[in-house]
Amino acid sequence: MQNKDFFPDPKEKLDASDDFASFLQAEGGGELAPLSRAPIQGAVKIAFWGLRLYIVAMLILVTIGFTRGMH
């Protein structure tokens, strides 16, 4: 037996806006808090700088390869 929640009738149009509004009201949700960018720190910062250095090194090697490969 199929559960209608997980397998809705394809001919039936689903409108979840009322359900979401009632859920938000029940949970006490009002205005959403503004999002801010998280600071990058620690090992992640080191990894990003390593990737930048790797990209620069690869660009230099590709440039050398193209200039010396042309005859």
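Everything quoted here is computed from the prediction, not taken from an experiment.

1. Some words on the overall build of the protein chain
Next up, step 1: Of regular secondary structure, the protein chain possesses two helices and zero strands.
Next up, step 2: In the protein chain, which comprises 71 residues, the proportion classed as buried is 0%.
Next up, step 3: With the model as given, the accessible surface of the protein chain reaches about 7,500 Å², and the carbon-plus-sulfur share is 66%.

2. Some words on the UniProt feature "transmembrane region" (unreviewed entry) in the protein chain
Next up, step 1: Taking the numbering used here, the UniProt-annotated feature "transmembrane region" (unreviewed entry) corresponds to residues 46-66.
Next up, step 2: Along residues 46-66, the helical share is 100% and the strand share 0%, with 30 Å between the first and last C-alpha atoms.

3. What about a nonpolar patch on the surface?
Next up, step 1: A grouping of Tyr-54, Ile-55, Val-56, Met-58, Leu-59, Ile-60, Leu-61 and Ile-64 is seen on the molecular surface, where their side chains present a nonpolar patch of about 760 Å² in accessible area.
Next up, step 2: Within the fold, Ile-64 resides in helix α2 (residues 43-69).

4. Section: the packing of aromatic side chains
Next up, step 1: Counted by the stated rule, this structure contains zero aromatic pairs.
Next up, step 2: A cation over an aromatic ring shows up here: Arg-52 above the ring of Trp-49, its NZ or CZ 4.5 Å from the ring centre.

5. Some thoughts on helix α1 (residues 17-26)
Next up, step 1: Little of α1 is tucked away, with zero of its 10 residues classed as buried.
Next up, step 2: Following α1 by one or two positions, Gly-28 has its phi on the positive side, about 80 degrees.

Quick notes on the rules
- Residues numbered from 1 in each chain as written.
- Predicted model: local features only at pLDDT ≥ 70, side-chain atom pairs only at ≥ 80, totals over all residues.
- Heavy atoms only, no water.
- Helix = DSSP H or I, 4+ residues; strand = E, 2+ residues; numbered from the N terminus.
- Buried < 20%, exposed > 50% of the residue type's maximum accessible area, 1.4 Å probe, protein only.
- Areas by Shrake-Rupley, 256 points an atom, 1.4 Å probe, with all protein chains shown as cover.
- UniProt positions renumbered as here; feature names shortened; annotations may be inferred.
- Patch = residues over 30% accessible without salt bridge, like charges linked within 9 Å, V, L, I, M, F, W, Y side chains within 5 Å.
- Salt bridge = Lys/Arg side-chain N within 4 Å of Asp/Glu carboxyl O.
- Phe/Tyr/Trp six-rings, centres within 6.5 Å; stacked < 30°, edge-to-face > 60°.
- Lys NZ or Arg CZ within 6 Å of the ring centre and 35° of its normal.

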